[in-house]
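Each chain is listed here by its residues.
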Amino acid sequence: MENNIKLNLDYSKISNHEIMTYSEKVKKIHKDLNNKVDDKKYFTGWINWPEEYDKKEFEKIKKIANKVKKDSDVLIVIGIGGSYLGARAVIESLKYVTNKENSVEIIYVGNNLSANYINEIIDYVSDKEISINVISKSGKTTEPAIAFRIFRNLMENKYGIDGARKRIFVTTTKRKGALYKIAVQEKYVKLYIPENIGGRYSVLTSVGLLPMAVAGINIEDIMSGAKFAQEKYSDDNLKYNDCYKYAVARNILYERDKTIEIMGTYEPNLFYLIEWWKQLYGESEGKNYSGIFPSGAIYTTDLHSLGQYVQEGRRNIFETILNIKNTDSDIIINYDEENLDELNYIAGKTITYVKNKAMLGTIQAHVDGDVPNIIIDIDKINEFTIGHLLYFFEKACAMSGNLLGINPFDQPGVEKYKENMFNLLGKYE
């Protein structure tokens, strides 16, 4: 079955008995989460979203995507954090399987304050047809707000005010916020972010779906995968719920002073999926001076930079490995008569065969070095499995945060740097 995702705890050094001691806690948290689904103040609307998403908005997304693909060479996505990471994670993960003839190049701005980066993007799109999707709940977050002001001006100079209006698409909250007011005033086409879904849980809403659709991704399959996961992980019985087992395993390791989790993969195109995961878990769990620190690695590349530390550094690390079992293409290593590189012992084998042996050897070495490994086996990367995986991590994060005793749906610490920055910039003078 090419759409299967399975948790493997064989290398985690955690017994099934230890996992099952959390059964009653898990049942209680599961019940509490579901009881809060319709309460907007808890930001749990994502739990039933794959089944109950706004179908009219979904069709609107597809129509906008078709227009952008017809009009533009490039879609500039303006956003930061959850406003762009989810879409980028999916687009990058599927870039080798997406229909290139049915896609537009996606470029991301508003996620940093680098003048060099912004000027490079301006130069790059100067001779291209462009559209913009600006994504923000408030419209006041500094990085995307600055970027939108700059690129809105660029669009109006390039196409005129009326022409720019037809190419700027706003994703924001309904009936409130600075960006909503701008969109109403300028008559921009609007998509809405559900009020009961927080930014880092919003990848399956219009926040993530419009850029995905413009990139040529089948968003219906994304939602089908997420709906499959919603049904699969709705069981409150820990024995049958791999999503909750992952959450419990993380907490058991945390109690053993394994305070850093490295999300690793042997597929470089999953880099931004790991970046999305880092934000999801970092903002959800890093509170009250506690929580597991989320890090990432692309193997085998990072075995030649981080490998020594993972093997013999401080023993406060565990790894979760995304193992993609089947790839869309492969390369057979040829036989060479001279064999100066001494590789003939693997002649006739494929790159994937070698990669799999490298992965197994690395897992064994790390586990022997007291770095427990959790393996998430994914049959194949496609829209369905990506949708499944996104929901898997969201649901596991909600459970894991509650097991830690914190609220996984707020991020009070993020506001502190903003206050300091505004004071230094003289905003309140």
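Residues numbered from 1 in each chain as written. Predicted model: local features only at pLDDT ≥ 70, side-chain atom pairs only at ≥ 80, totals over all residues. Heavy atoms only, no water.

> Account for the environment of Leu 253, naming residues and giving values.
Tracing the backbone shows Leu 253 in helix H11 (residues 242-255). The sequence separation of Leu 253 and Lys 13 amounts to 240 residues, and the corresponding C-alpha distance is 9.2 Å. Setting aside its immediate chain neighbours within four residues, Leu 253 contacts Ser 12, Ile 14, Lys 258, Phe 318, Pro 372 and Ile 374. (Helix = DSSP H or I, 4+ residues; strand = E, 2+ residues; numbered from the N terminus. Contact = heavy atoms within 4.5 Å.)

> Give a detailed account of helix H8 (residues 178-186), specifying residues and quantitative values.
Here H8 has its buried residues at Leu 179, Tyr 180, Ala 183 and Glu 186. The buried residues of H8 occupy an angular sector of 145° when the element is viewed end-on, so they sit on one face. Among the exposed residues of H8, those oriented more than 90 degrees off its buried face are Lys 181 and Gln 185. Of the residues one or two after H8, Lys 187 is the one with positive phi, at around 60°. (Buried < 20%, exposed > 50% of the residue type's maximum accessible area, 1.4 Å probe, protein only. Arc of directions from axis to C-beta.)

> Quick rundown of a negative patch on the surface? Include the residues and the values.
A surface patch of like charges, here negative, comprises Asp 336, Glu 337, Glu 338, Asp 341 and Glu 342. Along the chain, Glu 342 falls in the loop between strand S9 (317-326) and helix H14 (351-368). (Patch = residues over 30% accessible without salt bridge, like charges linked within 9 Å, V, L, I, M, F, W, Y side chains within 5 Å. Areas by Shrake-Rupley, 256 points an atom, 1.4 Å probe, with all protein chains shown as cover. Salt bridge = Lys/Arg side-chain N within 4 Å of Asp/Glu carboxyl O. Lys, Arg positive; Asp, Glu negative; His and termini not counted. Charge placed at Lys NZ, Arg CZ, Asp CG, Glu CD.)

> Before we move on, can you summarise the sheet that holds strand S8 (residues 293-298) with the specific residues and values?
The strand order across the open sheet formed by 5 strands is S1-S10-S9-S7-S8, and the pairing between neighbours is mixed. Each edge of the sheet is formed by a strand with only one pairing partner; in this case those strands are strand S1 (5-8) and S8. Here the strands of the sheet are splayed against their neighbours by 20° on average, with no regard to which way each runs. Where S9 meets strand S10 (residues 373-380), 7 bridges bridge the pair, whose relative direction is parallel. (Pairing = 2+ DSSP bridges. Axes fitted to C-alpha atoms, helices over the stretch in contact; angles between N-to-C directions.)

> How would you summarise the packing of aromatic side chains if you had to cite specific residues and measurements?
Inspection of the entire model under this criterion finds 17 aromatic pairs. Aromatic ring contacts, followed pair by pair, group Tyr 233, Tyr 246, Trp 277, Tyr 281, Phe 392 and Phe 393 into a single cluster. Looking at Arg 167, its charged tip hangs above the ring of Tyr 159, at a distance of 4.2 Å from the centre. Cation over ring: Lys 349 sits above Tyr 353, and NZ or CZ is 4.9 Å from the ring centre. (Phe/Tyr/Trp six-rings, centres within 6.5 Å; stacked < 30°, edge-to-face > 60°. Lys NZ or Arg CZ within 6 Å of the ring centre and 35° of its normal.)

> Which residues make up a nonpolar patch on the surface, and what are the values?
Residues Leu 113, Ile 146 and Ile 150 make up a contiguous nonpolar surface patch of about 240 Å² in total accessible area. Along the chain, the position of Ile 150 falls in helix H7 (residues 142-165).

> Give a description of the side chain of Asn 241 that names residues and reports values.
Within the fold, Asn 241 resides in the loop between helix H10 (219-232) and H11. Polar side-chain contacts of Asn 241 include one of 3.1 Å to the backbone oxygen of Tyr 233. Discounting chain neighbours no more than four positions away, the residues touching Asn 241 are Tyr 233, Ser 234 and Asp 235. (Polar contact = N/O pair within 3.5 Å; in protein donor to acceptor, adjacent residues only side chain to side chain.)

> Outline helix H15 (residues 383-404), listing residues and values.
Across its 22 residues, H15 extends 32 Å between first and last C-alpha, which sits within 8% of the 32 Å expected from 1.5 Å per residue. Most of H15 is tucked away, with 21 of its 22 residues classed as buried. The N-capping residue of H15, defined by a side-chain oxygen 3.1 Å from the backbone nitrogen of Phe 384, is Asn 382. Within two residues after H15, Gly 405 carries a phi angle of roughly 85°, on the positive side. (Expected span 1.5 Å × (residues − 1).)

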